[in-house]
Amino acid sequence: MTPIINLEGKIGLITGIANEKSISTGVAEACAQAGATLIITYQNEKTRAFIEPVLHRLGVKDAYLLDVTQPQTMSDVYAQIDASYGKLDFVLHSMAFAKRDDLHGRVVDTSADGFALAMDVSTHSFVRLAKMVEPLLIKAGGGSLVTMTYLGSEKVIPNYGVMGLCKAALEAATRYLAAELGEKNIRVNAVSPGPLMTRAASGIAGFDGLMAAAVERSPMHSLVTPEDIGALTAFLVSDAGRLISGGVHFVDAGYNIMG
């Protein structure tokens, strides 16, 4: 019997891996275990050194530079994928950035430049990525786009600041992209994990307290892991998730339902 999560023959693009503990690493591992061929991007040469162990362990042959603030790198990634594979079946968007002062400060004090930078990297990059890969997904007969969000999109989280606004916009973008791309058999979803310690999370003041609260208050009294996030994402991009689109899917031991 074929496993319900089967990615044999599928080509996937994974963005946002910073090191072994990244959310994207868990997604890449789950998709590789399900049989997918992966293409991984890195932000710069310094980041490339940190992801080498992941590339080696998963047997990934293609790793491309992708800096969403540099349009040429997006064009280069498209050209390389098109030349090597001619299609894509699924794409993971997992990238976000805001200046430290805009994370820890009041939203009302956010500068125009800080807001624009955070929204560009954290939200509009998903729209641009979707635009870039749309022809490749069409060549595959359709496919799946998944982005990573967080509960701070709908609840006020201490020290999350402007990123909460970015994630709210990202979830709205997920719905609009799902509506626009659905006729091309392209599904678009967001995954919302509970708090876990990653390099990005380490920049949020008081994050240890958020993790402790998640364990205490979630119905299952547990922290999420990259493996948990990977399992859900692999399901969404597989044929088992073929009619799931436009949603925000929580993997947080039920924490989001608590008042």
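The structure reproduced in this document is the subject of the present report. (Residues numbered from 1 in each chain as written. Predicted model: local features only at pLDDT ≥ 70, side-chain atom pairs only at ≥ 80, totals over all residues. Heavy atoms only, no water.)

**Overview of the sheet that holds strand S2 (residues 37-42)**
Item 1. Taken in spatial order, the 7 strands of this open sheet run S3-S2-S1-S4-S5-S6-S7, and their pairing is parallel. Two strands in the sheet have a free side with no partner beyond their single neighbour: strand S3 (62-65) and strand S7 (248-251). Neighbour to neighbour, the strand axes of the sheet diverge by 20° on average, direction disregarded.
Item 2. Inspection of the sheet shows strand S5 (residues 143-148) paired to strand S6 (residues 186-193) by 6 bridges, in the parallel sense. Counterpart to Val146 in the pairing with S6 is Asn189.
Item 3. Along the sheet face, helix H2 (residues 45-58) touches S2 and S3 and points at about 165° away from the line of S2.
Item 4. Against the sheet, helix H6 (residues 161-181) makes contact with strand S4 (90-93), S5, S6 and S7, and its axis sits at roughly 160° relative to S6, the strand it touches most. (Pairing = 2+ DSSP bridges. Helix = DSSP H or I, 4+ residues; strand = E, 2+ residues; numbered from the N terminus. Axes fitted to C-alpha atoms, helices over the stretch in contact; angles between N-to-C directions. Contact = heavy atoms within 4.5 Å.)

**Concerning the pattern of salt bridges**
Item 1. Here the structure, examined in full by the defined rule, presents 9 salt bridges.
Item 2. Where salt bridges share partners, they join Glu20, Glu29 and Arg57 into one cluster. (Salt bridge = Lys/Arg side-chain N within 4 Å of Asp/Glu carboxyl O.)

**Concerning the pairing of S3**
Item 1. As judged from the 4 bridges shared by S2 and S3, these two strands associate in the parallel manner. Across the sheet, Thr41 pairs through a bridge with Tyr64, a residue of S3.
Item 2. Regarding the hand of the β-α-β motif, the stretch spanning S2, H2 and S3 is right-handed. (Right-handed = clockwise from strand over helix to strand, strands pointing away.)

**What to know about a nonpolar patch on the surface**
Item 1. A surface patch of nonpolar side chains, amounting to about 210 Å² of accessible area, comprises Val107, Phe115 and Leu165.
Item 2. With respect to the helices and strands, the residue Leu165 is situated in helix H6.
Item 3. Leu165 sits in the partly exposed class, given a relative accessible area of 35%. (Patch = residues over 30% accessible without salt bridge, like charges linked within 9 Å, V, L, I, M, F, W, Y side chains within 5 Å. Areas by Shrake-Rupley, 256 points an atom, 1.4 Å probe, with all protein chains shown as cover. Buried < 20%, exposed > 50% of the residue type's maximum accessible area, 1.4 Å probe, protein only.)

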